[in-house]
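So the chains spell out like this:
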Amino acid sequence: MASFSILHFLLTSLFWSFLLVSSKSLSHPPKPNLLVLPVQQDPSTGLHWTNIHKRTPITHVPVLIDLNGKHVWINCEQHYSSSTYQAPFCHSTQCSRANAHTCQNNTCVLISANPITQQTAAGKLAQDVLGIYATSGSKPGPMVTVPQFLFSCAPSFLAQKGLPNNVQGVAGLGHSPISLPNQLFSNFGLQHQFSTCLTRNPNSNGAILFGDAPNNYNKNPNIFKHLVYTPLTITQQGEYRIQVTSIRVNHHNEIPVSGSISSNYQEGVIGETLISTTIPYTTLHHIVYQALIQIVGEQIPKQAQVNPVAPFGLCYDPKKILLPLLVEFVLDKHDVAWAIDFENLWAVQPNGVYCLGFVNGGLKPKAVISIGSHQLEENVLVFDLVKSRLGFNNFLRFFEKKGIHCSDLFDFTNAP
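As the structure is a prediction and not an experimental result, all values here were calculated from the model.

Conventions adopted
Residues numbered from 1 in each chain as written. Predicted model: local features only at pLDDT ≥ 70, side-chain atom pairs only at ≥ 80, totals over all residues. Heavy atoms only, no water. Buried < 20%, exposed > 50% of the residue type's maximum accessible area, 1.4 Å probe, protein only. Helix = DSSP H or I, 4+ residues; strand = E, 2+ residues; numbered from the N terminus. Pairing = 2+ DSSP bridges. Salt bridge = Lys/Arg side-chain N within 4 Å of Asp/Glu carboxyl O. Expected span 1.5 Å × (residues − 1). Core = buried A, V, L, I, M, F, W, Y, C linked by side-chain atoms within 4.5 Å. Disulfide = S-S within 2.5 Å. Contact = heavy atoms within 4.5 Å. Axes fitted to C-alpha atoms, helices over the stretch in contact; angles between N-to-C directions. Phe/Tyr/Trp six-rings, centres within 6.5 Å; stacked < 30°, edge-to-face > 60°. Lys NZ or Arg CZ within 6 Å of the ring centre and 35° of its normal.

**Details of helix H3 (residues 180–188)**
- For H3, the buried fraction is high: 7 of the 9 residues fall into the buried class.
- Restricting attention to buried positions, one finds in H3 the residues Leu 180, Pro 181, Asn 182, Gln 183, Leu 184, Phe 185 and Phe 188.
- After H3 finishes, the residue Gly 189 shows a positive phi value of roughly 65°.

Right, dumping it as structure tokens:
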């Protein structure tokens, strides 16, 4: 009888131990090494947007990608319904984390900005579930969640101008406490690094990867093995900038960005180059722009040039000449350059005219150079926040000749 009692005790202990282990494994799934967000180009604006998964039940919310945005903000005034929505009380730890120290109706006020119109508005700090795909080999999935993701509920008028149709907010990727990357890093214990690969095809998806993509992306690892690195500066506003010393045209003509003409620049922006996903085309300080237009114009026969199409200053008819042209941003070292050629260099107009895809930013731009989304497309960029460096891959343009593009990084067709 005693033997039976001991056996019963052992079996019961084993049973409950199994249930406990199973419960722990279900409630604490393995943390992902890499997260992925599908990104599309809007053909009418040239800007890039994504569907983020929020609320309970999970709902798709289209938002603009803003590389330098401070946080995620969403229009909550229309059709926002969620059983897990909360508004943190004033002086709570959530408010402190978001640097939201102003209160209204016992909730924290957070200022949000429309990066296209530059309009700002006071919203309220909120938290709700956010879902994002983990990577499974070369495919997205399964979806993992951040139960208490912090964002701003902004007034509806902030999303009414400048943004692509149907977009209801902005996903800020800037280096600030509650930006999308920083919340994902802290929630999942990821390495503080994210990578972008924006597609120029509006009918397909590019991707933004959160985590150590060079060591965890395995579909075509060569894409991340041929990276060139340059120092990355993060401003007090959480913006990402690099140092460009000159612009080189066809390997020999160089336009200095700092140095001999630096006295003409606005103080504090000498040589700084902003990387932006909310500017469709690269914007240059007036002096640099005029120098570039002159050098490129000298290489296009007069009979091929046509009247400029706004906002561009130099256009030509490709039927009269197919212009071989390479523009490079020379970086911190003279042998380190970001190459911009053909597809990223020219903006093709509806009538078939080719225009140099750079815009005159005037005499007081935000930065001497602001690299826009057109020049970022079909390029791998790795924002390594641990080592304060930007990795970029001119090698991807050689992949393009083999039919490999940013849209080939992941297949989101059957994403869960």
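**Looking at the sheet that holds strand S17 (residues 272–275)**
- The mixed open sheet is built from 6 strands, whose spatial order is S13-S14-S17-S26-S18-S25. Two strands lie at the open edges of the sheet, namely strand S13 (233–234) and strand S25 (358–360), each paired on one side alone.
- Sheet analysis places S17 next to strand S26 (residues 369–371), joined by 3 bridges and oriented parallel. Opposite Ile 275, over in S26, you have Ile 371 as the bridge partner.

**Focus: the pattern of salt bridges**
- Under the counting rule described, the total for this entry stands at 6 salt bridges.
- Note that Lys 366 is salt-bridged to Glu 239, the shortest N-O span being 2.6 Å. One end of the pair, Lys 366, is in the loop between S25 and S26; the other, Glu 239, is in the loop between S13 and strand S14 (240–243), with 127 residues separating them in the sequence.
- With a shortest N-O distance of 3.7 Å, Glu 254 and Arg 248 are connected by a salt bridge.
- One network of salt bridges, with partners in common, ties together Glu 239, Arg 241, Glu 272 and Lys 366.

**Some details on helix H6 (residues 286–297)**
- Under the 1.5 Å per step criterion, the end-to-end length of H6 is 16 Å for 12 residues, consistent within 8% with the ideal 16 Å.
- Among all positions of H6, only Val 288, Tyr 289, Leu 292, Ile 293, Ile 295, Val 296 and Gly 297 are buried.

**Considering the pairing of strand S11 (residues 206–211)**
- Counting buried positions along S11 gives 6 out of 6 residues, so the element sits mostly inside the fold.
- In the sheet, strand S1 (residues 34–41) pairs with S11 via 6 bridges, with the strands oriented antiparallel. The residue bridging Pro 38 from the neighbouring strand is Ala 207, located in S11.

**As for the nonpolar core**
- In terms of nonpolar packing, the biggest core is built from 74 residues, with Phe 210 and Trp 338 touching the most fellow members.
- Broken down by element, this core gets its largest block of residues, 6 residues, from H6.
- The next biggest cluster of nonpolar side chains, apart from the first, holds 17 residues, and it includes Val 36, Cys 197, Tyr 217 and Val 380.

**As for the state of the cysteines**
- This structure, assessed with the given rule, holds 5 disulfides.
- Linked covalently through their sulfurs, Cys 90 and Cys 103 form a disulfide whose S-S length is 2.2 Å. Residue Cys 90 is located in the loop between strand S4 (72–75) and helix H2 (93–97), and its partner Cys 103 is located in strand S5 (residues 102–104); the two are separated by 13 residues in the primary sequence.
- Put simply, Cys 315 and Cys 355 are joined by a disulfide, and their sulfur atoms are 2.1 Å apart. With the S-S bond torsion at 100°, the cross-link from Cys 315 to Cys 355 turns out right-handed. Remark: Cys 355 occurs in strand S24 (residues 354–356) and Cys 315 occurs in strand S20 (residues 315–316); sequence separation between them is 40 residues. In this structure, Cys 315 and Cys 355 share a single accessibility class: buried.
- Cysteine pairing for the protein chain, with bonded cysteines counted in sequence order: 1-6, 2-4, 3-5, 7-10, 8-9.

**As for the environment of Ser 373**
- Along the chain, the position of Ser 373 falls in helix H7 (residues 373–376).
- Between the alpha carbons of Ser 373 and Ile 279 there is a distance of 6.2 Å; along the sequence they are 94 residues apart.
- The contacts of Ser 373, once residues within four sequence positions are left out, are Gly 46, Leu 47, His 48, Ser 276, Thr 277, Ile 279 and Pro 280.

**Describing the sheet that holds strand S21 (residues 326–330)**
- Across the sheet, 4 strands lie side by side as S16-S15-S21-S22; this open sheet has antiparallel pairing. With one partner strand each, in any of the chains shown, strand S16 (253–256) and strand S22 (337–341) form the two edges of the open sheet. Pairs of neighbouring strands in the sheet enclose a mean axial angle of 20°, with direction left out of account.
- Here S21 pairs with S22 via 5 bridges, running antiparallel. Opposite Val 330, over in S22, you have Ala 337 as the bridge partner.
- Against the sheet, H6 engages strand S15 (246–249) and S16, with an angle of about 170° to S16.

**Brief notes about the packing of aromatic side chains**
- Taken as a whole and assessed by the stated rule, the structure comprises 14 aromatic pairs.
- Arranged with centres 4.9 Å apart and planes meeting at 90°, the rings of Tyr 281 and Phe 312 form a pair that is edge-to-face. Highlighted residues: Tyr 281 in the loop between S17 and strand S18 (282–284) and Phe 312 in the loop between strand S19 (305–306) and S20, separated in sequence by 31 residues.
- Taken together, the aromatic side chains of Phe 194, Phe 210, Tyr 240 and Phe 383 make up a single cluster linked through ring pairs.
- For Lys 54, the ring lying beneath its charged end belongs to Phe 151, and the centroid distance is 3.8 Å.

**Describing the environment of Pro 365**
- Of note, Pro 365 is situated in the loop between S25 and S26.
- Judged by relative accessible area, Pro 365 falls into the buried class, the value being 8%.
- Sequence spacing of Pro 365 and Leu 284 is 81 residues, and the spatial spacing of their C-alpha atoms is 7.7 Å.

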